[in-house]
Amino acid sequence: MNDIESLIPEDKETRLVFFVNGKKVIEPSPDPLWTLLWYLRKRLLLTGTKYGCGEGGCGACTVMLSQYRKHEDRVKHIAVNACLTPLSAVHGLAVTTVEGIGSTAEKLHPVQERIAKSHGSQCGFCTPGIVMSMYTLLRNKTSIKYEDIETALQGNLCRCTGYRPIIEGFKTFIEPWEAKYSPVDQVASCGMGKDCCRNKNNDINSDEKLFNTTEFKPYDPTQEPIFPPELKLSDEYNSNYLFYRGEENVWLRPRSLEELLKIKEKFPFSKIVVGNTEIGVEVKFKRKVYPILISPLMVPELNVLQVVDKGIQIGGAITLTELNSFLQHFIEKNNEKAGILDSVSDMLHYFAGQQVRNVASLVGNIITSSPISDINPILLASSATICVSSSRNGLRKITIDDNFFTGYRKVNIADNEVVLYVEIPFTDKLQFFKAYKQAKRNDDDISIVTAAFNVKFTDAYNVCEAQICYGGMGPTTICASKSSNLIKGQHWNDAMLQKVFESLTQELQLNNSAPGGMAAYRKSLCLSLFFRFYMFVLSKLQYNGYCIDNKDALGAYCIPSAEPESSQCFEIKNNRKSDFDTIGKPIVHMSALKQATGEAIYCDDIQPTQGELYLCLVKSTESYARIISMDSSKALSLPGVVAFLSADDLPGQRNKMGAIEQDEDIFARNVVTSQSCIVGAVVATSENIARKARDAIVVNYEKLHPVVVSIEDAIYNKSYFPGYPKTLNKGNVDDAFSKCTKTTEGIIRNGAQEHFYLETMSAIAVRKEDDLEIVCSSQDPAEVSILVSKALGIPNNKVVTTVKRIGGGFGGKETRANVLAVPVAVAAYKLKKPIRAVFDRDEDMQITGYRHPCLIKYKVAFNDDGKITGIIYEMYFNAGNYMDISPSMVSRAIFHVDNCYFVPNIQVNAYLCKTNTPSNTAFRGFGAPQAMLAAEVVVRDVAAKLNKPYENLIEMNLYREGDLTHFNQKLVHCSLSRCWNECIETSNYWERKKHVEEFNRLNRWKKKGISLVPTKYGISFGADFFMQAGALLHIYRDGSVLLSIGGIEMGQGLFTKMIQVASKALDVDISKVHISEMATDKVPNSSPTAASMSSDLYGMAVLNACEKLNERLKPIKEMNPNWSWEEWISSAYFDRIALSATGFYSAQKVDYNAETNSGTLYEYFTYGVACSEVIIDCLTGDHQVLRTDIVMDLGDSLNPAIDIGQIEGAFVQGYGFYTMEEMLVSPSGEILSKGPGAYKIPSLSDIPKQFNVSLLKGAPNPRAVYSSKAVGEPPLFLSASVLFAIKEAIKSARVDAGVTPDFTLSAPATCARIRMACVDFITQQVEPTIKNDGKPWNIEL
Ligand SMILES: Cc1cc2nc3c(=O)[nH]c(=O)nc-3n(C[C@H](O)[C@H](O)[C@H](O)COP(=O)(O)OP(=O)(O)OC[C@H]3O[C@@H](n4cnc5c(N)ncnc54)[C@H](O)[C@@H]3O)c2cc1C
Ligand code: FES
Ligand code: FES
């Protein structure tokens, strides 16, 4: 590599100079391995920019890059993923991070203010990235439309909010609002329009809105920071030859084509880097090493973007965003010849997210030649050309045809060649071109199948040219040549279509072991998309009497996107005794502003201390095997590696952990039972070294059998945890079955759901003398302390665990956070050094477990009138390799399998399957969403058997006040019927159902469905000892109040609610009360923050502490009623009154007795009903939620903004579970979904297009603090309304196809499942051709 120096000019630049938030940064020796994200966070300590995935898939790391374009005399701003941006690429640029646009101390930027005040920040981990995407949009466009916001945020994920509040907050930047700044009556717009509850009730308190736009500062684009003049004035930055040498590789930025070609000639293995969106991912996750990286951005020949005779030329350095804006201008003026270009432009909208498109190049996509490239099928179908050049052979033009893609990720260009440009041709008269992309999610997703179709007609309407091309159907992009040739000379009619179908069915070969899976779906898609194209061309041609049938018309198009609207309906009581009483008001999350400015500190944002080391866990590579040997010598010999820890460091029981049974090894000893087992940990001086050392640990295994992966495997091998099945019996099911008039039976299953909290697991531990301090991202810090003290053999009082906030948890950080936190603590204690560790996203997803996959079989006894008299359920849960808290999850599932229905005789047998997969754990809803799904399937099944509307069945069997549940708890204050009736009314259900039926009658290829789902969720931990809570309250001499509680803040607004409770109880302004963090030395023995119970428990504990202090302050207050709070406190201090108090609360005893199935299990129930309407695309399986209406009984809400945020967030998370999120696992137990690229959570464009939430009015709950109700988990199940609406839509398609409407739709209802359930002549033709050639690529867990 030293030879490289001979090619480098003398005047090279070896320093990297750039600006960050207006300040000049000079890095004298940049390493090409450094990403901008790493540099910002670790070198510049700007931790507002977050790490969420490292692969460009979440947007948490979004920053703005600005560059002065001399030839255009303008500054160009782009949002980029800092995790994929090489630091070396920012020479001469200005970087703006979230810290650079505003702060709470000085001035908030309107983007920061509006996202926070519109309640668009819950855990806040996604917020800085979202702020920066929106900020960059506003810097580029002075007048924006809704579509601009949607496009700008395509690459940003949020797991908490359900996006609705973010959209509402940002919609205020759309011109009409800005133009009318500060109108007195301005409120957040309501999706209900004239039906808005506000318009119906004149008595409503004017406060009844979640946020008040009149408070917002106007947005003034002229006030933005100026671009650093130095970068504008000096041409040097853009003309330097850059040469950076790092530890492993070099970075070159030549200035001319000649210089570039010389490097490529001498070092053909050198890599050109444009956007780094392929190379960056390869380096990080596939651990590829590229010794020479070349940036071609300054080479003029690669920067062409021009119209030529026969098409347009796109240079190798042109980004997809630049290309798209060029295309859009061109198409506007030259529509008649822009068919192919139009398809490219359409496709670019669905290509990745904005941050990726802003840097990625078309040529990078071609050269990578991924078989699922979105662009390559278009280039192949249009016979586009590329122009390459090399020093040796000069220029060469290549047509992209069948010979171009030579193998998996290989193309027909030599290593020494550089692509100068691509030329995409214009279309002729009577030429039709279309491209389609099918992905799991609409936005920012890689495709499953991409298709491009090109046909040209003669004047006599004979086809004279045809190309049918696909991506996703093999190792390369392919042209179905036989089928394409067959069309030539034909008329465009049904006979031709039939021939093409037959030919494609033969020509496209895919079997069930094909990488990517879904063989039948992918093949069906190929035919379906061609069918769509056929209808599209037919609708345009309309010749010889051929025209498209009205019923088929919508089949020619995809589901169009629409702007979402929403409404939130709630009540604010007027009877306040004090101005300080904020209970029931939509107070903004206390940390929201800090989260929006990047000031909020999460675990890995804590600045490193002197001598800090980094720990990396070594996980098993086998699912079930004996450890034969482990060799750490190579790893330990690497410079910077300090230690290797394994089971040898934790003798006997000290190596054991587990929430219920201590069945889990901290470090695997002898045997590994899943690929998530931790075999050891390496500690090194840096993260990079630790990760390298991890890869150098050699473990030899002897494989063991059988490897049990799926529920079916477990049933076959009888692999259950001891004590299972657990059984619940109510009444006499045998009797019910003997006396009923009808029976039915069925099966329902759901897959695993990954938590996908935006902040991955992280931990820092510091030993101080014999004490240990741990900061970690856990929902149960007390348990971390207990486990660490046990592992180290030291008392619990020497281990303090603190959690300030976590970036989302959803149950996933309740027990599984221990997997990382405990080894970090052990290492810190042993090595007497501060230790830090953060999971990469792929580690987090492969190690920490999921929501339990579940399979439920049911048998139902019922009568002709629809009354259900008995049910037998067999439930199987895949627990993974350890017990964890699965037994508690199973119990909740058993107790929620009734959902909302009174069934006099029930038998439940629940099995906990032990498999060689990662240990599954708590996830919002904790078993209930799986079980309640079965109840809803049952009522619909019974309705279908009786040929009655399912709504009648629900109404007939719905619980009523005073009914006994199947665990014999009497329902009091049961508001189910009220929620049901109100939801039917507010959603205008019956009328809309008629419209849906009418739509379905008129349309064959698009179908609608509408469905209602009720829910009842029991509030209690189920375990008595958890039902306690502690609080500690200090009042300082200046009157400020510091509150500590045993619960943690994970975005759910617990701290905010507790501050509201304390402020009301003490009658002091809310701004005086502060919660800093949760720490086990302030509140000991706390329960996990889980089960939706924290507000209930800690609210009462806080009240208890406040009451004690009020009692002490009472004499002073009575004597001096007119004094201020500060005066009372000052006086109390001088009177030597203790201004500190603990609070404690223990809830009513859970006296449920499983033996007798009697007693009280739950404190109370939270009820709700949702109605969802969807449209599905029968040809592709896509769907869109057109509208969702939710009515929820939350008692007297403590904070409607937070509570509605929880409802919407839970709904969207549940929507992901029931429709989209699919964990892929191989038959040998390897987790295949390792990041946001492969695992899709809902994005902004997936939320209901109309999303209306109302809180039931006049339903105070006597059993919780200030008459409120728990909210975190209960709403999640309501999203099953989407699944059932989809099922209704599919039924209609099946009826049209003459197929039985009876079928099972498992969750998630992915596009593949929806398409294949819409059985028709295509699927019937394709399915028999899929060969079973051994092991499938993936199986269901
Ligand atoms: C989050 C994310 C989402 C994505 N979504 C999609 C998607 O929806 N659809 C899709 O198709 N792809 C997608 N991709 C893949 C990727 O973004 C594209 O392939 C992109 O076009 C690559 O361009 P780049 O400039 O970043 O390539 P780089 O990573 O910079 O380079 C890629 C390859 O091209 C070579 N190369 C680049 N320029 C030249 C040249 N002029 N001459 C010779 N070789 C050259 C490089 O040496 C390298 O081998 C996604 C990637 C990420 C990270
Ligand atoms: S961390 Fe960069 S996109 Fe996820
Ligand atoms: S607020 Fe968006 S991920 Fe938590």
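Residues numbered from 1 in each chain as written. Chains lettered and ligands numbered in written order. Predicted model: local features only at pLDDT ≥ 70, side-chain atom pairs only at ≥ 80, totals over all residues. Heavy atoms only, no water.

Looking at the overall build of the chain
(1) Moving on: Within the chain one finds 39 helices and 47 strands.
(2) Moving on: If one aligns the C-alpha atoms of the chain with their principal axes, the spans along those axes are about 95 × 80 × 75 Å.
(3) Moving on: For the chain, the residues scored as buried account for 64% of the 1341 residues in total.
(4) Moving on: Of all intrachain contacts in the chain linking residues separated by at least 6 positions in sequence, the fraction that spans at least 24 positions is 77%.
(5) Moving on: Looking at the chain as shown, the accessible area adds up to about 46,800 Å², and 51% of this sits on carbon and sulfur atoms.
(6) Moving on: The chain carries 143 positive and 152 negative side-chain charges, and their two centres are separated by 1 Å. (Helix = DSSP H or I, 4+ residues; strand = E, 2+ residues; numbered from the N terminus. Buried < 20%, exposed > 50% of the residue type's maximum accessible area, 1.4 Å probe, protein only. Contact = heavy atoms within 4.5 Å. Areas by Shrake-Rupley, 256 points an atom, 1.4 Å probe, with all protein chains shown as cover. Lys, Arg positive; Asp, Glu negative; His and termini not counted. Charge placed at Lys NZ, Arg CZ, Asp CG, Glu CD.)

Concerning the packing of helix α29 (residues 928–946) against helix α37 (residues 1280–1296)
(1) Moving on: Between α29 and α37, the shortest axis-to-axis distance is 11 Å and the interhelical angle comes to 35 degrees. Here the hand of the crossing between α29 and α37 comes out right-handed. Between α29 and α37, the residues in contact are Leu933, Glu936, Val937 and Arg940 and Ala1280, Leu1283 and Phe1284, respectively. (Axes fitted to C-alpha atoms, helices over the stretch in contact; angles between N-to-C directions. Left-handed = near helix turned anticlockwise from the far one by under 90°.)

Focus on the site of ligand 1
(1) Moving on: Of all residues adjacent to ligand 1, which total 31 residues, the nearest are Lys271, Ile272, Thr277, Ser361 and Asp374.
(2) Moving on: Measuring from an oxygen atom of ligand 1, one finds a side-chain N or O atom of Glu278 at 2.9 Å.
(3) Moving on: Coverage of ligand 1 by the protein chains reaches 93% of its 990 Å² of free accessible surface.
(4) Moving on: The set of elements that each furnish at least two residues to the shell around ligand 1 consists of β8 (271–272), α11 (279–285), α15 (362–368) and β16 (418–425).
(5) Moving on: Here the shell around ligand 1 gets five residues from one element, more than from any other, and that element is α15. (Near = heavy atom within 4 Å. Polar contact = N/O pair within 3.5 Å; in protein donor to acceptor, adjacent residues only side chain to side chain.)

Some details on unusual backbone geometry
(1) Moving on: The peptide bond linking Tyr724 to Pro725 adopts the cis configuration, its omega dihedral lying at 10 degrees.
(2) Moving on: Mapped onto the fold, Pro725 is located in the loop between α23 (711–717) and β30 (726–730).
(3) Moving on: Although it is not a glycine, Arg1136 adopts a positive phi angle of roughly 60 degrees.
(4) Moving on: Within the secondary structure, Arg1136 is located in the loop between α35 (1125–1134) and β44 (1140–1146).
(5) Moving on: The exposure class of Arg1136 is exposed, given its relative accessible area of 78%.

Topic: the sheet that holds strand β46 (residues 1183–1193)
(1) Moving on: As summarised here, the arrangement of the five strands in space is β21-β47-β46-β45-β39, forming an open sheet in which the pairing is mixed. Edge positions in the sheet fall to β21 (565–569) and β39 (1006–1019), since each of these pairs with one other strand and no more. Looking at each pair of strands side by side, their axes are set apart by 10 degrees on average, direction ignored.
(2) Moving on: Bridge count between strand β45 (residues 1164–1177) and β46: 10 bridges; the pairing is antiparallel. When the bridges of β46 are listed, Ile1175 appears paired with Gln1184.
(3) Moving on: Where helix α5 (residues 164–171) meets the sheet, its contacts fall on β21 and β47 (1250–1255), and the angle it forms with β21 comes to roughly 110 degrees. (Pairing = 2+ DSSP bridges.)

Topic: the packing of helix α33 (residues 1054–1066) against helix α34 (residues 1094–1119)
(1) Moving on: Running from N to C, α33 and α34 point in directions that differ by 25 degrees, and their axes come no closer than 8 Å. Between α33 and α34, the angle falls in the class roughly parallel. Viewed along their axes, α33 and α34 form a crossing whose handedness is right-handed. Within the contact between the two elements, α33 uses Leu1054, Lys1057, Met1058, Val1061, Ala1062, Ala1065 and Leu1066 and α34 uses Ser1094, Ser1095, Tyr1098, Gly1099, Val1102, Leu1103, Cys1106, Leu1109, Asn1110 and Lys1117.
(2) Moving on: Residue composition of the contact of α33 with α34, grouped by class: 11 nonpolar, four polar and two charged. (Parallel < 35°, antiparallel > 145°, perpendicular 65-115°, else oblique. Nonpolar A, V, L, I, M, F, W, Y, C, P; charged D, E, K, R; others polar.)

Some words on the confidence of the model for the chain
(1) Moving on: In the predicted model, the chain carries a mean pLDDT of 94, and the fraction of residues at 70 or more is 97%.
(2) Moving on: Low confidence marks residues 182–189, where pLDDT is under 50. Its contacts with residues over four positions away, or in another chain, come to 16 contacts.
(3) Moving on: Note that residues 198–207 has pLDDT below 50 and, in this model, 17 contacts with residues that lie over four places away or in other chains. (pLDDT = per-residue confidence, 0-100.)

Digging into the sheet that holds strand β4 (residues 74–81)
What links the strands of a sheet is backbone hydrogen bonding, and the strands pair in either a parallel or an antiparallel sense.
(1) Moving on: If you trace the five strands from one edge of the open sheet to the other, you get β2-β1-β5-β3-β4, paired in mixed fashion. Across the chains shown, the open sheet's two edge strands, defined by having one partner strand only, are β2 (23–27) and β4. Sheet twist, expressed as the average angle between the axes of neighbouring strands with direction ignored, equals 30 degrees.
(2) Moving on: Relative to strand β5 (residues 94–96), strand β1 (residues 16–20) runs parallel, the two sharing two bridges. Bridging across to β5, Phe19 finds its partner in Ala94.
(3) Moving on: Its contacts with the sheet put helix α3 (residues 127–140) on β3 (62–69), β4 and β5, and the angle it makes with β3 is roughly 25 degrees.

So, the packing of aromatic side chains
(1) Moving on: For the structure shown, the criterion picks out 43 aromatic pairs.
(2) Moving on: Their ring planes at 35 degrees and their centres at 5.9 Å tell us that Trp34 and Tyr39 sit as a pair that is tilted. A single burial state applies to Trp34 and to Tyr39, both of which are buried.
(3) Moving on: Look at Phe170 and Phe173: their rings are 6.2 Å apart centre to centre, the planes differ by 55 degrees, and that puts the pair in the tilted class. Each member of the pair, Phe170 as well as Phe173, carries the same accessibility label: buried. (Phe/Tyr/Trp six-rings, centres within 6.5 Å; stacked < 30°, edge-to-face > 60°.)

Considerations on the nonpolar core
(1) Moving on: Grouped together as the largest cluster of nonpolar side chains are 315 residues, with contacts concentrated most on Tyr470, Trp492, Phe530 and Tyr873.
(2) Moving on: With 16 residues, helix α19 (residues 519–541) is the single largest residue contributor to this core.
(3) Moving on: Filtering out sequence-adjacent residues up to four positions away, Phe530 remains in contact with Phe453, Ile468, Tyr470, Ile487, Trp492, Leu497, Val500 and Leu504. (Core = buried A, V, L, I, M, F, W, Y, C linked by side-chain atoms within 4.5 Å.)

Some details on the pairing of strand β36 (residues 854–862)
(1) Moving on: Among the nine residues in β36, seven count as buried, and that is most of the element.
(2) Moving on: Bridge analysis of strand β31 (residues 742–750) against β36 gives nine bridges, and the strand direction is antiparallel. Bridge assignment links Asn750 to a residue of β36, and that residue is Cys854.
(3) Moving on: Strand direction decides the pairing type here: β36 and strand β37 (residues 868–880), joined by nine bridges, are antiparallel. Pairing of Ile856 across the sheet is with Met875, part of β37.
(4) Moving on: Taking the residues that link successive antiparallel strands as the turn, the β36-β37 hairpin has five residues, and the phi of Gly866 there is positive, at about 100 degrees.

Some thoughts on empty space enclosed by the protein
(1) Moving on: The full count for this structure, using the stated rule, is 11 cavities of 30 Å³ or more.
(2) Moving on: Of the pockets and cavities examined, the largest cavity occupies roughly 150 Å³.
(3) Moving on: Residue lining of the largest cavity: 15 residues in total, with Lys440, Arg441, Asp1182, His1183 and Met1220 positioned closest to the centre.
(4) Moving on: Mapped by element, the contributors of at least two residues to the lining of the largest cavity are α36 (1200–1219) and α38 (1311–1317).
(5) Moving on: Taken together, the residues of the lining of the largest cavity sort by class into six nonpolar, five polar and four charged.
(6) Moving on: Volume-wise, the second largest cavity comes out at about 110 Å³. (1 Å grid on protein atoms, 1.4 Å probe; cavity = no way out; pocket = protein on both sides within 12 Å on 5 of 7 lines; lining within 4 Å. Points joined across faces, edges and corners; volume = space filled by probe spheres on them.)

Brief notes about the pattern of salt bridges
(1) Moving on: Tallied over the full model, the rule gives 78 salt bridges.
(2) Moving on: Taking the shortest distance from any N to any O, the salt bridge between Glu113 and Lys217 comes out at 3.8 Å. Within this pair, whereas Glu113 is found in helix α2 (residues 110–117), its partner Lys217 is found in the loop between α7 (197–200) and α8 (229–233), the two being separated by 104 residues in sequence.
(3) Moving on: Overall, the relative accessible area of 1% leaves Glu113 in the buried class.
(4) Moving on: The class of Lys217 is partly exposed, set by a relative accessible area of 35%.
(5) Moving on: With its nearest N and O atoms 3.0 Å apart, the salt bridge here joins Asp898 to Lys1016. Here Lys1016 lies in strand β39 and Asp898 lies in the loop between α28 (886–896) and β38 (905–914), a separation of 118 residues in the sequence.
(6) Moving on: Each of the salt bridges in this network shares a partner with another, and the network as a whole consists of Lys284, Arg287, Glu687, Arg691, Arg694, Asp695, Asp840 and Glu843. (Salt bridge = Lys/Arg side-chain N within 4 Å of Asp/Glu carboxyl O.)

Some remarks on the side chain of Gln753
(1) Moving on: Within the fold, Gln753 resides in the loop between β31 and β32 (762–768).
(2) Moving on: Exposure remark for Gln753: the relative accessible area of 0% places this residue in the buried category.
(3) Moving on: A polar atom in the side chain of Gln753 sits 3.1 Å from the side chain of Glu1221.

Regarding helix α1 (residues 36–43)
(1) Moving on: Those residues of α1 lying buried are Leu36, Leu37, Tyr39, Leu40 and Arg41.
(2) Moving on: For α1, the secondary structure elements touched by its buried residues are β1, β2, β3 and β5.
(3) Moving on: Positioned one or two residues after α1, Leu45 has a phi angle of 55 degrees, which is positive.

What about the side chain of Thr801?
(1) Moving on: If you trace the backbone, Thr801 turns up in strand β34 (residues 799–803).
(2) Moving on: Residues within four places of Thr801 in sequence aside, it is in contact with Ile774, Cys776, Pro781, Val784, Ser785, Met1078, Ala1079 and Thr1080.

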